Amino acid sequence: MKETIENMIDYIAGADFFGSIGQILLQGPADYPEAWAFVKSIFQNVALPLGFILFLIYFLIALVDKNTTDTLNIEQIFKMLLKFLVALFLVQNSLNIVETLMSWGTLMVNKVNSAGLSAGTMSGIADDLKALAAEETGNYGLMKSLGFIIKLILPWAITWIINIIIKVQCYVRLFEMMIMACGAPIATADIFLEGTSGGAIRYLKRMLAVALQGGIMLMIAMLFSSIAGAGIMSGAGFSEYVGSYLVFGVAACLLIGKSNQIARDWVGVS
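Residues numbered from 1 in each chain as written. Predicted model: local features only at pLDDT ≥ 70, side-chain atom pairs only at ≥ 80, totals over all residues. Heavy atoms only, no water.

Remarks on the overall build of the protein
For the protein, the helix and strand inventory stands at 12 helices and zero strands. Helices (α) and strands (β) of the protein occur, in sequence order from the N terminus, as α-α-α-α-α-α-α-α-α-α-α-α. A total of 270 residues make up the protein; the buried ones form 43% of that total. Sequence-distant contacts in the protein: of pairs separated by 6 or more residues, those separated by 24 or more amount to 84%. When the accessible area of the protein is evaluated, it comes to approximately 13,700 Å², of which 66% is carbon and sulfur surface. (Helix = DSSP H or I, 4+ residues; strand = E, 2+ residues; numbered from the N terminus. Buried < 20%, exposed > 50% of the residue type's maximum accessible area, 1.4 Å probe, protein only. Contact = heavy atoms within 4.5 Å. Areas by Shrake-Rupley, 256 points an atom, 1.4 Å probe, with all protein chains shown as cover.)

Comments concerning the packing of aromatic side chains
For the structure on display, the rule yields two aromatic pairs. Residues phenylalanine 59 and phenylalanine 84 carry aromatic rings whose centres are separated by 5.1 Å and whose planes lie at 70° to one another, so their mutual orientation is edge-to-face. With phenylalanine 59 in helix α3 (residues 33-68) and phenylalanine 84 in helix α4 (residues 74-92), the pair connects residues that are 25 residues apart, well separated along the chain. Pairwise contacts between aromatic rings join Phe55, Phe59 and Phe84 into one cluster. (Phe/Tyr/Trp six-rings, centres within 6.5 Å; stacked < 30°, edge-to-face > 60°.)

A short note on the nonpolar core
Counting 75 residues, the largest nonpolar core has Ile5, Ile9, Ile21, Leu129, Leu152 and Phe238 as the members making the most contacts within it. Once residues lying within four places of it in the same chain are set aside, the contact partners of phenylalanine 238 are Ile9, Leu129, Leu132, Ala133, Glu136, Phe148, Lys151 and Leu152. (Core = buried A, V, L, I, M, F, W, Y, C linked by side-chain atoms within 4.5 Å.)

Description of a nonpolar patch on the surface
Among the surface-exposed residues, Tyr11, Trp156, Trp160, Ile161, Ile164, Ile165, Val168 and Val172 lie close enough to one another that they form a single nonpolar patch of about 690 Å² accessible area. It is helix α7 (residues 142-182) that contributes the most residues to the nonpolar patch, seven residues altogether. Position of tyrosine 11 among the secondary structure elements: in helix α1 (residues 2-13). (Patch = residues over 30% accessible without salt bridge, like charges linked within 9 Å, V, L, I, M, F, W, Y side chains within 5 Å. Salt bridge = Lys/Arg side-chain N within 4 Å of Asp/Glu carboxyl O.)

Right, here's the structure in full:
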């Protein structure tokens, strides 16, 4: 019984509660060779040709517009050629640009991860809970231990759900980066028409936000591990102790759900 109770407590309040986040967030699309090869194939064979077609259409629209409004002169021709070269470079090298943005996100995760999750704080919480469990079960008496295991089922289930939700959000970020990489040439083709205020730059900003989201998620996890230990009431009973801990866990989970919007606010895109 003692081993079962301690294993459940370790799962509820162990150092690993958010520890797996760092491992997932440190993975990039290139860590999945088959999936990344598929992304590159879609980019080369589907998105890039469409991007060039859209780019040429936008160029012809701008050319016709300047011609019909009698504003086509040497200065305008020079500006259009310059924009043409910039847009051509952006569309053709959009995958390299996206890969660079993703590498910035990985760098941020590495920098945040270098501080390390507060494993000491988390294991301290687990040790406190084990001491309370031993006290409430009369040093792990049979009947009291059975009742205590029943008491642990709800917080164990809540912890399991929180872990699943967080892992889902981590992998959603990974999938989102892959999908955005696939469509980069199509999304950046309109830079010829709208310049730096158009959808192309907004798309690249969103891509950067998704990349930086990983670092923000990891920061939230680290803050949780630090604040949870300091915020739990000393001298509280087991139920109050676990309840306080899970409140912090749910709050961190909800904030991780908003990490994408936080990242977008950082880079200035809605």
